Amino acid sequence: MNFDDTPQEAAFRAEAKAWISANAPKQYEEELRKSSLGRTVLKDANILEVAKAWQKKKADAGWACLHWPKEYGGRGSSPIERVIWQQEEGPFGKLSGMFIIGHGMCGPTMMAFAGEEQKRKYLPPLASGEKVWCQLFSEPAGGSDVAGLRTRAEKKGDDWIINGQKIWTSGAHYSDYGILLTRTDPTVPKHKGLTMFFLDMKSPGVEVRPIKQASGQSDFNEVYFTDVKIPDSQRLGAVNDGWNVSLTTLMNERMSIGAGVSTGFPELFDFCNSLMLEDGPAIEDRSVRSRLANYAVKASGLRYTSMRAISALSKGERPGPENSIGKLVAGSMVQEVAMYALDLQGAAGVLSGPEDAEVAGKFQAMLLRAPGTRVEGGTDEIMRNIIAERVLGLPGDIRVDKDVPFNKIPTKGRA
Amino acid sequence: MNFDFSDEQKQMRDEARKFLAEKCPPKAVREVLDGKAPYDKALWRGLAEMGFLGVAIPEEFGGAGAGHLELCVIAEEMGRANAPVPFSSTVYLAAEALLLAGSDAQKQKWLPKIASGEAIGTLALFEGKGNPSPKAIRLQATGGTLNGVKKPVPDGAIADFAVVAACTGSTGRDSDISLFLVDLKAGGVEAKSLTNVDPTRGQAELTFKNARAEPLGAAGDGWSILTQVLDRAAVLLAFEQVGGSDRALEMGRDYALDRIAFGRPIGSFQAVKHILADMYVSATLARSNCYYGAWALSTNASELPEAAAAARISATQAFQHCSKNNIQVHGGMGFTWEFDCHMYYRRANASALTLGSLSYWEDQLIDRMRKKNAA
Ligand SMILES: Cc1cc2nc3c(=O)[nH]c(=O)nc-3n(C[C@H](O)[C@H](O)[C@H](O)COP(=O)(O)OP(=O)(O)OC[C@H]3O[C@@H](n4cnc5c(N)ncnc54)[C@H](O)[C@@H]3O)c2cc1C
């Protein structure tokens, strides 16, 4: 059991550190350092442009998507090197937010199912941030129940014609490509009639409508498809085998989201360290200390759980369903932390403007973003099901629609 | 970085698990629980023969000289089996205090006896209600003799010797506290067993009447040694708690698969599944915190105080959470004496208090994080 770098790792760290220090957009460092869940904005710059420029610079020097093979725009790095990079990249890593879905989910799916020529064409610009990708899975009828989706794909010659609607699609408004899960056979049980594609988001018939979120921001969208044409060559996996393809995406999703969800603890600790209550510094209050300690051990437990996962990964073990724990724990923790930070502010906790609120409204922004964290990438309940069924081996939920042809499944809860 | 136990350490864990499955089945735990014996003597001898009692004791003092990572591995298995032996008081508290502060002669006298199972040791710290604090120590040391009362003292009624925290001044400051080594069989100490929530680990009241004592470590260093002993024991006990958490989770899972209600195994009901998933989550977070504690303990890292407090809190919470919900998953059966669930529930709640309560460690953790932050 040790945390020391091997000589090789130390050399890699030194190289990464030197390059970051010479190339990172330092003018944004402070702002990025202070940003937290729900509040990654730059005051005087367009964050998408800054992020793209940083990603491109990394890619040109061979620091983008470190664990991807070189021929697809990566560096062929080990899992440990990827972690070392993240440690050294520090707050600049927050700029990768808009690439998470592309790099974490679409890329790995393309890598597993696209043809060689396509991989060489599409993956390097995805790695370099020049092209942004989105994930078109969820629909009004199919969220947790992904396989309940209704967007149709019908074969016409060498093309497929797509009609239907997606929802909650993050980043669709600035995405160049997307991976799309569709229904190709409604007459068989739901998991057996799905097919996966990738498509150009600028294709005729694709319409993106931003949704205003509960937080007031607009990061996700509705996407409508009207007779959108996708060539058969852009199909990922076999016809009607889309469910299996999507499992690759979803597993990667849990890995990349789970590792990155913030807990809010460092922010809360700093806050309590500086906050004065009526009877003195907050950090000296017994009840505050007790709450803080509880959050502290959850945050450190998650940190060391992911270190254990990385150690396993570096020994060649595959990431398993136990990784669902990260999102499940961090998701509700960040929400509780935000509520507690507001509570400590008393009546003034209600204020949310950057000028009027404590610590520039950091926790108010966190509070308003947190509900989404517990839903995106699988709800808390779905995460618990995964742990119970796939880690602990408990029986699957009873699925009344399992053997029913999709077009015979009822569509309303209350008649 | 390699954040895992080595293959040799895992092999040792398997060996210990096998040994304990055979020598310490629930039936053996019940002998002690039912009051038929103060502890399992045969198991204690067996542990000595396996070399488990002296795992972290250097060879020159009769131990195996393996180290603290190995001891963590054994501790987890002791917790898993709910072993009814004075392991934690002897190995985590008495032996660690000797290793940290003992003179060569003291180590030569007691450590080989610990390793061979001849001597049971303990730490006499508490004097009634409250948490570790120099102010709470009233037992007086004067001219090599001790006078006062300690309670609860873990395994105090069966121990051969005790490390005793005593007051050598009157201000209640750290520097008023010194540690002493007392041969409990040499006269001057009266031991009385006390009933407690976990009879598989005895608690006692020790009354010192002009008991002869020799200093352990320098006069006035007592509090600083104690803090270190408690930190080290916190990591080790946390591994026991994680072992217990895992076992409670396993019991709940197995029962959920076997028990049928409404025509289905209860483990197929989502409410039950989610209870078990949450048990897994708390046990996993605790295990990860413990691994960090093990690393800090084995390397004597400057992070040890913080890591120990985090491991302690997290493992205490996990064991309480898993053991209480194990009973819930078992329904009425879980509340019978006959089922083993309550043994883990008892142990979880007793372990939660033996080195200072949860709120004490919460306080410690924040103190330590704050100091680190300020540095
Ligand atoms: C911020 C954000 C970003 C997102 N980005 C994307 C994206 O980029 N691409 C994309 O495809 N999707 C995206 N999503 C969609 C997301 O994956 C779904 O919202 C999520 O899977 C839940 O589905 P739903 O909204 O249909 O809720 P529902 O499935 O309708 O769930 C409603 C409630 O029922 C519970 N429930 C449902 N099924 C079960 C069950 N079997 N057992 C127990 N409880 C159950 C849920 O836990 C929840 O509490 C995003 C969502 C959010 C909030």
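As the structure is a prediction and not an experimental result, all values here were calculated from the model.

Calculation criteria
- Residues numbered from 1 in each chain as written.
- Chains lettered and ligands numbered in written order.
- Predicted model: local features only at pLDDT ≥ 70, side-chain atom pairs only at ≥ 80, totals over all residues.
- Heavy atoms only, no water.
- Helix = DSSP H or I, 4+ residues; strand = E, 2+ residues; numbered from the N terminus.
- Rg over C-alpha atoms; globule rule 2.2 N^0.38 Å.
- Buried < 20%, exposed > 50% of the residue type's maximum accessible area, 1.4 Å probe, protein only.
- Contact = heavy atoms within 4.5 Å.
- Areas by Shrake-Rupley, 256 points an atom, 1.4 Å probe, with all protein chains shown as cover.
- Lys, Arg positive; Asp, Glu negative; His and termini not counted.
- Charge placed at Lys NZ, Arg CZ, Asp CG, Glu CD.
- Near = heavy atom within 4 Å.
- Polar contact = N/O pair within 3.5 Å; in protein donor to acceptor, adjacent residues only side chain to side chain.
- pLDDT = per-residue confidence, 0-100.
- Pairing = 2+ DSSP bridges.
- Salt bridge = Lys/Arg side-chain N within 4 Å of Asp/Glu carboxyl O.
- Buried area = accessible area lost by both parts, 1.4 Å probe.
- Nonpolar A, V, L, I, M, F, W, Y, C, P; charged D, E, K, R; others polar.
- Expected span 1.5 Å × (residues − 1).

## Remarks on the overall build of chain B
- Looking only at helices and strands, chain B features 11 helices and 10 strands.
- In summary, chain B has a C-alpha radius of gyration of 20 Å against a globular reference of 21 Å for 375 residues, a match within 12%.
- Once the C-alpha set of chain B is aligned to its principal axes, its extents read approximately 75 × 50 × 40 Å.
- Counting the 375 residues in chain B, one finds 59% classified as buried.
- Residue pairs at least 24 apart in sequence account for 74% of intrachain contacts in chain B once pairs closer than 6 positions are excluded.
- A total accessible area of about 14400 Å² is found for chain B, and carbon and sulfur atoms account for 51% of it.
- Taken together, the 40 basic and 43 acidic charged side chains of chain B have centroids lying 5 Å from each other.

## Here's the deal with the overall build of chain A
- A count of helical and extended segments in chain A gives 12 helices and 10 strands.
- Radius of gyration (C-alpha) of chain A: 22 Å, near the 22 Å computed for a compact globule of 415 residues.
- Judged by the C-alpha coordinates and their principal axes, chain A covers about 75 × 55 × 45 Å.
- Burial analysis of chain A (415 residues in total) assigns 49% to the buried set.
- Of the contacts formed within chain A by residues at least 6 apart in sequence, a portion of 72% connects residues at least 24 apart.
- Carbon and sulfur atoms make up 52% of the accessible area of chain A, which amounts to about 19100 Å² in all.
- Looking at chain A, you have 52 positive and 52 negative side-chain charges, and the mean spots of the two groups are 4 Å apart.

## A few points about the site of the ligand
- In the vicinity of the ligand, 20 residues are found, and the nearest of them are Ser144(A), Trp168(A), Ser170(A), Thr379(A) and Glu381(A).
- More than a single chain frames the ligand: its nearby residues are located in chains A and B.
- In this structure, Ser144(A) approaches the ligand through a side-chain N or O atom, which is 2.6 Å from an oxygen atom.
- Alone, the ligand offers 970 Å² of accessible surface; in the complex the protein occludes 68% of this.
- Elements supplying a minimum of two residues to the shell around the ligand: strand E3 (159–170), helix H11 (362–373) and helix H12 (380–391) of chain A.

## Comments concerning the confidence of the model for chain B
- Across chain B, the average pLDDT comes to 97, with 100% of residues at or above 70.
- In the predicted complex, the global pTM is 0.95; the interface-specific ipTM is 0.95.

## Let's talk about the pairing of strand E7 (residues 220–231) of chain A
All names here are of chain A.
- The sheet contact formed by E3 and E7 spans nine bridges and is antiparallel. Along E7, the bridge assignment pairs glycine 164 with phenylalanine 225.
- By the bridge criterion, five bridges tie strand E6 (residues 206–210) to E7 in an arrangement that is antiparallel. Residue pairing in the sheet places valine 206 in a bridge with phenylalanine 225 of E7.

## Things to note about unusual backbone geometry
- Following Lys151(B), the chain continues to Pro152(B) via a peptide bond in cis, the omega torsion being -5 degrees.
- Secondary-structure assignment places Pro152(B) in strand E3 (residues 145–154).
- The backbone of Cys65(A) sits at a positive phi, close to 40 degrees, despite the residue not being glycine.
- Tracing the chain through its elements places Cys65(A) in the loop between helix H3 (47–60) and helix H4 (79–89).
- Even without being a glycine, Trp168(A) presents a positive backbone phi close to 60 degrees.
- Tracing the backbone through its elements, the reader meets Trp168(A) in strand E3.

## Points about the side chain of Arg312(B)
Residues and elements named next belong to chain B.
- As for its placement among the helices and strands, arginine 312 is situated in helix H9 (residues 304–330).
- Despite its burial, arginine 312 remains without a salt bridge, the nearest opposite charge being carried by glutamate 240 at 8.8 Å.
- If we skip the residues at most four places from it in the chain, arginine 312 touches Ala234, Leu237, Ala238, Gln241, Ser351, Ala352, Leu353, Thr354, Leu355, Gly356 and Trp361.

## Some thoughts on helix H3 (residues 41–50) of chain B
Residue and element names in this part refer to chain B.
- Of all the residues in H3, the buried ones are Leu43, Trp44, Gly46, Leu47 and Ala48.
- On its buried face, H3 is in contact with helix H1 (7–23), helix H4 (68–81), helix H5 (87–101) and helix H6 (104–115).
- Where H3 begins, the capping side chain belongs to aspartate 40, and its oxygen is found 3.3 Å from the backbone nitrogen of alanine 42.
- One or two steps after H3, the chain reaches glycine 51, where phi turns positive at roughly 85 degrees.

## With respect to the environment of Phe225(A)
All names here are of chain A.
- Mapped onto the fold, phenylalanine 225 is located in strand E7.
- Taking the C-alpha atoms as reference points, phenylalanine 225 and isoleucine 161, separated by 64 residues in sequence, lie 9.2 Å from one another.
- If we ignore the near neighbours within four places in the chain, the residues touching phenylalanine 225 are Leu136, Ile162, Asn163, Gly164, Lys166, Leu180, Leu199, Gly205 and Val206.

## Notes on the interface of chain B and chain A
- The partner chain A presents 49 residues to the 44 residues of chain B that form the contact.
- Roughly 4400 Å² is buried in total at the junction of chain B and chain A, and carbon and sulfur atoms are behind 63% of that figure.
- The tally of links between chain B and chain A comes to seven salt bridges.
- The shortest N-O distance in the salt bridge between Glu284(A) and Arg370(B) comes to 3.0 Å.
- Taken together, the connections running from chain B to chain A amount to 23 residue pairs in polar contact (both at pLDDT 80 or more).
- Listed by contribution, the elements that provide at least two residues to the side of chain B that touches chain A are helix H7 (222–258), strand E10 (264–265), helix H8 (270–299), H9 and helix H11 (358–374) of chain B.
- The leading source of residues in the side of chain B that touches chain A is H8(B), at 17 residues.
- Counted by class, the side of chain B that touches chain A contains 22 nonpolar, 12 polar and 10 charged residues.

## Remarks on helix H9 (residues 286–314) of chain A
- In a regular helix each residue adds 1.5 Å, so 29 residues correspond to 42 Å; H9(A) covers 42 Å between its end C-alpha atoms and thus fits that length.
- With its phi angle positive at about 90 degrees, Gly316(A) sits one or two positions after the end of H9(A).

## Looking at the pattern of salt bridges
- Taken as a whole and assessed by the stated rule, the structure comprises 47 salt bridges over all chains.
- Between Asp363(B) and Arg289(A) there is a salt bridge whose closest N-O contact spans 2.6 Å. You can see Asp363(B) sitting in helix H11 and its partner Arg289(A) sitting in helix H9, one on each of two chains.
- The class for Asp363(B) is partly exposed, based on a relative accessible area of 23%.
- Between Asp4(B) and Lys315(A) there is a salt bridge; the shortest N-O distance is 3.1 Å. Within this pair, whereas Asp4(B) is found in the segment before H1, its partner Lys315(A) is found in the loop between H9 and helix H10 (324–344), the two belonging to separate chains.
- Through salt bridges with shared partners, a single ionic network connects Asp5(A), Arg13(A), Lys17(A) and Glu88(A).

## Notes on the environment of Thr182(A)
Residues and elements named next belong to chain A.
- By the element assignment, threonine 182 lies in strand E4 (residues 177–183).
- Linking threonine 182 and alanine 370, residues 188 residues apart in sequence, is a C-alpha distance of 29 Å.
- A polar contact of 2.9 Å, which involves the side chain of threonine 182, links it to the backbone oxygen of threonine 195.

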